[in-house]
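Here is how the chains run, residue by residue.
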Amino acid sequence: QVQLVESGGGLVQAGGSLRLSCAASGLIFSSVAMGWFRQAPGKEREFVAVISWSGGSTYYADSVKGRFTISRDNAKNTVYLQMDILKPEDTAVYYCAASRRALRVGVRSGDFGFWGQGTQVTVSS
């Protein structure tokens, strides 16, 4: 079955950086877009970033554009989220997700069929 395992979360001061990783198994990784979403306490899950199956296209939420970078290594079945200039409002549980359909890129949670368990990111002011 499909498994997505996130790592790299933690506590960081505002202005700092973190790098999240998501290791995937049980799917043809190089054929699916991968995304990151986040959910803060009391809020709905929101889109953060997505990368196409080849890595050639990326899209970001306006709130993270210029500060976060999504990338992937298809040889390692891993997707990354480099987060720089972190702000307290970035505090959330971050989820890795795999596209529901091969060779499709979406930014809505419904476009993704597989989810990781989440990793906590806390940014202190």
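Further up the page is the structure itself.
All values reported here derive from a predicted model rather than from experimental measurement.

## Structural notes on the nonpolar core
At step 1: Grouped together as the largest cluster of nonpolar side chains are 36 residues, with contacts concentrated most on Met 34, Trp 36, Val 79, Leu 81, Met 83 and Tyr 94.
At step 2: Listed by contribution, the elements that provide at least two residues to this core are strand E3 (18-25), strand E4 (34-39), strand E5 (46-51), strand E7 (68-73), strand E8 (78-83), strand E9 (92-99) and strand E11 (119-124).
At step 3: Not counting residues up to four positions away in its chain, the partners in contact with Tyr 94 are Glu 6, Leu 20, Trp 36, Phe 37, Arg 38, Val 48, Phe 68, Leu 81, Met 83, Gly 118, Thr 119 and Val 121.

## Some words on the side chain of Ser 21
At step 1: Note that Ser 21 resides in strand E3.
At step 2: Setting aside chain neighbours within four positions, we find Ser 21 in contact with Val 5, Glu 6, Ser 7, Trp 36, Thr 78, Val 79 and Tyr 80.

## Remarks on the sheet that holds E7
At step 1: Within the open sheet, the 4 strands sit side by side as E1-E3-E8-E7. Their pairing is antiparallel. The open sheet has two edge strands, strand E1 (3-7) and E7, and neither has a second partner. Across this sheet, the average inter-strand angle for adjacent strands is 15°, counted without regard to direction.
At step 2: Pairing of E1 with E3, which is carried by 5 bridges, proceeds in the antiparallel orientation. Bridge assignment links Ser 7 to a residue of E3, and that residue is Ser 21.

## Comments concerning the pattern of salt bridges
At step 1: The full count for this structure, using the stated rule, is 5 salt bridges.
At step 2: One salt bridge in this structure joins Arg 38 and Glu 46, with 2.6 Å as the shortest N-O distance.
At step 3: By relative accessible area, Glu 46 is classed as partly exposed at 34%.
At step 4: Between Lys 65 and Asp 62 there is a salt bridge, and its shortest N-O distance comes to 3.1 Å.
At step 5: A residue is classified by how much of its surface remains accessible, and Asp 62, at 67% relative accessible area, is exposed.
At step 6: A single salt-bridge network, built from bridges that share partners, covers Arg 38, Glu 46, Arg 67 and Asp 90.

## Notes on the pairing of E7
At step 1: Alternating residues of E7 divide into Phe 68, Ile 70 and Arg 72, all buried, and Thr 69, Ser 71 and Asp 73, none buried.
At step 2: Hairpin connection, E7 to E8: the antiparallel pair is bridged by 4 residues, and Asn 77 has positive phi, about 50°.

## A few points about a nonpolar patch on the surface
At step 1: Nonpolar side chains collect at one region of the surface, where Tyr 59, Val 105 and Val 107 lie side by side and expose about 250 Å² of accessible area between them.
At step 2: Val 105 sits in the partly exposed class, given a relative accessible area of 36%.

Cut-offs applied
- Residues numbered from 1 in each chain as written.
- Predicted model: local features only at pLDDT ≥ 70, side-chain atom pairs only at ≥ 80, totals over all residues.
- Heavy atoms only, no water.
- Core = buried A, V, L, I, M, F, W, Y, C linked by side-chain atoms within 4.5 Å.
- Buried < 20%, exposed > 50% of the residue type's maximum accessible area, 1.4 Å probe, protein only.
- Helix = DSSP H or I, 4+ residues; strand = E, 2+ residues; numbered from the N terminus.
- Contact = heavy atoms within 4.5 Å.
- Pairing = 2+ DSSP bridges.
- Axes fitted to C-alpha atoms, helices over the stretch in contact; angles between N-to-C directions.
- Salt bridge = Lys/Arg side-chain N within 4 Å of Asp/Glu carboxyl O.
- Patch = residues over 30% accessible without salt bridge, like charges linked within 9 Å, V, L, I, M, F, W, Y side chains within 5 Å.
- Areas by Shrake-Rupley, 256 points an atom, 1.4 Å probe, with all protein chains shown as cover.

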